[in-house]
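# Coordinate analysis (summary)
Below are the chains, spelled out letter by letter.
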Amino acid sequence: MARVVALSYYPVKGCAGTSVPEALLTPAGLAHDRDFMVVGEEGVYRTQRRDPLLAVIRPLIAPDGGHLTLTAPGAESLHVRVDTSGTRRKVDLFGTAYQGIDQGDEAADWLSARLGARSRLVRVPPEHSRVTDGLTPGTSGYADSCALHVISRATLDLLATKLIDRGARPLPLDRFRPNLVIDGWDDPHTEDRAHRLRIGTTELGYAKLAIRCAVTLVDQQAGTRAGPEPLRTLAGYRRAAQGGVAFGTKYAVLRPGRVTVGDEVDVTVWRESEL
């Protein structure tokens, strides 16, 4: 029987994640996942593709979402009282306009010093109503696309074997920044074909393959690019029909609830892979 073996959420888009034994699953994904985003002065999102030092910034959000703490090597911690009712400002995520609530000058100055570029911290407003794409539409905060990124242990193990065969080292899980890791499926990339999942009281609908980008080249502990792996190896066996390389899958939330490490994963709908 397949089971959930890891759960992680990422309070600030592009920054380090938090691993937890259980989490509330909302229509937009795991609670607090990508609720915040770092933007430039013009409101354009910052990403590890251009700002790899985001990786070493570690956010900690209070369970009620009311306080956010940011830490980074060599810096004093910053404590932010989260503003959910302030003035909205325009932000840009992949060329699409959204709204964000600015979290103040202190947060902006702290992030600007860490990244070496003028930055602001914004939060998703309560009225955020983004519609995500894919075979199953849904919603999310400031994630790249869908509510959840899911990957299986068998998929990770196959890549590790192929990297070793090329004389490269296996890569840590944090390179791929998943929300859920599933173990118990014998075949790698079973998540490509698992189009409806029931986990505890929750239900997920397959949206699309996860097309990987240069973020996978960033050492998440050092905040530096360390390529060319895994993209070089993935290009040899995971080229997607729509372009790029696929590794893991994206899901929309059909029924919210609570997810716990150890929960059984029941696949109720199977389909062929889109790869």
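Report on the accompanying structure. These numbers come from a predicted model, not from an experiment. (Residues numbered from 1 in each chain as written. Predicted model: local features only at pLDDT ≥ 70, side-chain atom pairs only at ≥ 80, totals over all residues. Heavy atoms only, no water.)

### Considerations on the sheet that holds strand β14 (residues 194–199)
What holds strands together in a sheet is hydrogen bonding between their backbones, with the strands either parallel or antiparallel. Put simply, the test is: Between any two strands, at least two bridges found by DSSP are needed for them to pair. To qualify as a helix, a DSSP run of H or I must reach at least 4 residues; to qualify as a strand, a run of E must reach at least 2; elements of each kind are numbered from the N terminus. We call two residues in contact whenever any of their non-hydrogen atoms come within 4.5 Å of each other. Angular values range over 0 to 180 degrees, each being the angle between N-to-C directions of two axes fitted as lines to C-alpha atoms, with helices fitted over their stretch in contact.
Here we have 8 strands laid out as an open sheet, ordered β2-β1-β13-β12-β18-β15-β14-β20, and mixed in their pairing. Strands at the two margins of the open sheet, each flanked by one partner only, are β2 (18–19) and β20 (265–270). As paired elements, strand β15 (residues 202–211) and strand β18 (residues 246–255) share 7 bridges and run antiparallel to each other. Each residue of the ladder has a partner; that of G205, found in β18, is A252. Helix-sheet contacts for helix α2 (residues 153–165) involve β12 (148–152), β13 (180–183) and β18, and the interaxial angle to β12 is about 60°.

### Regarding the packing of aromatic side chains
Under the convention used in this document: Only Phe, Tyr and Trp rings are paired, with Trp represented by its six-membered ring, and only when their centres lie within 6.5 Å; those with planes under 30 degrees apart are stacked, over 60 edge-to-face, the remainder tilted. With a 1.4 Å probe rolled over the protein chains alone, any residue whose accessible area is under 20% of its type maximum counts as buried; one over 50% counts as exposed, and the rest are partly exposed.
What the rule picks out here adds up to 3 aromatic pairs. Between F176 and F247 the ring centres are 4.9 Å apart and the planes differ by 45°, which places this aromatic pair in the tilted class. Residue F176 is located in the loop between α2 and β13, and its partner F247 is located in strand β18; the two are separated by 71 residues in the primary sequence. F247 carries the same exposure label as F176, and that label is buried. Each ring, one from Y206 and one from Y251, has its centre 6.0 Å from the other, and the planes form 90°; the classification is edge-to-face. With Y206 in strand β15 and Y251 in strand β18, the pair connects residues that are 45 residues apart, well separated along the chain.

### A short note on the pairing of β12
Looking along a regular strand, one sees side chains alternate from face to face of the sheet. Note the threshold: Crossover handedness is defined here as right-handed if the route from the first strand over the helix to the second strand goes clockwise, with the strands pointing away from the viewer.
Most of β12 sits out of view: 5 of its 5 residues are buried. By the bridge criterion, 3 bridges tie β12 to β13 in an arrangement that is parallel. Along β13, the bridge assignment pairs V150 with L180. Once you follow β12 into α2 and on to β13, the crossover reads as right-handed.

### A few points about the environment of A72
Relative to the assigned elements, A72 resides in the loop between β7 (67–71) and β8 (78–81). With a relative accessible area of 12%, A72 lands in the buried category. The sequence separation of A72 and G134 amounts to 62 residues, and the corresponding C-alpha distance is 35 Å.

### Some words on the side chain of R238
Assignment of secondary structure puts R238 in the loop between α3 (231–234) and β18. Apart from the residues lying within four places of it in its own chain, the contact partners of R238 are H189, D192, L209, G244, V245, A246, F247 and L275.

### Section: the pattern of salt bridges
Note the cut-off: Here a salt bridge means any side-chain nitrogen of Lys or Arg lying within 4 Å of a carboxyl oxygen belonging to Asp or Glu.
Throughout the structure, instances matching the rule amount to 17 salt bridges. R3 serves as the salt-bridge partner of E264, at 3.3 Å between the closest nitrogen and oxygen. Of this pair, E264 sits in the loop between β19 (257–260) and β20 while R3 sits in strand β1 (residues 3–9), and the two are 261 residues apart along the sequence. In this structure R3 comes out as partly exposed when scored by relative accessible area, which is 34%. The partner of R238 in a salt bridge is D192, with the nearest N and O atoms 2.9 Å apart. Here R238, found in the loop between α3 and β18, pairs with D192, found in the loop between β13 and β14; they are 46 residues apart in sequence, far enough to count as distant.

### Some thoughts on the side chain of R46
Where we set the bar: Here a polar contact means two N or O atoms within 3.5 Å. Within protein one must be a hydrogen donor candidate and the other an acceptor candidate, and residues neighboring in sequence count only if both atoms are side-chain atoms.
The residue R46 is located in the loop between β5 (36–40) and β6 (58–61) in this model. On the basis of relative accessible area, R46 is assigned to the buried category, the value being 14%. At 2.8 Å, the side chain of R46 forms a polar contact with the backbone oxygen of R118. A polar contact is formed between the side chain of R46 and the side chain of S119, at a distance of 2.9 Å. In contact with R46, not counting residues within four places along its chain, are V38, V39, G40, D51, L54, L115, A117, R118 and S119.

### Quick look at unusual backbone geometry
Geometrically, the link from G227 to P228 is a cis peptide bond, its omega value of 15° lying close to zero. Relative to the helices and strands, P228 resides in the loop between β17 (224–225) and α3. Put simply, E229 and P230 share a cis peptide bond, and its omega is 15°. Considering the arrangement of structural elements, one finds P230 in the loop between β17 and α3. Within the chain, R34 stands out as a residue other than glycine whose phi angle is a positive 50°. Of note, R34 is situated in the loop between β4 (29–30) and β5.

### Observations concerning the environment of D105
With respect to the helices and strands, D105 occurs in helix α1 (residues 105–115). Sequence separation between D105 and V253 is 148 residues, and the spatial gap between their C-alpha atoms is 35 Å. A polar side-chain atom of D105 sits 2.9 Å from a polar atom in the side chain of R120.

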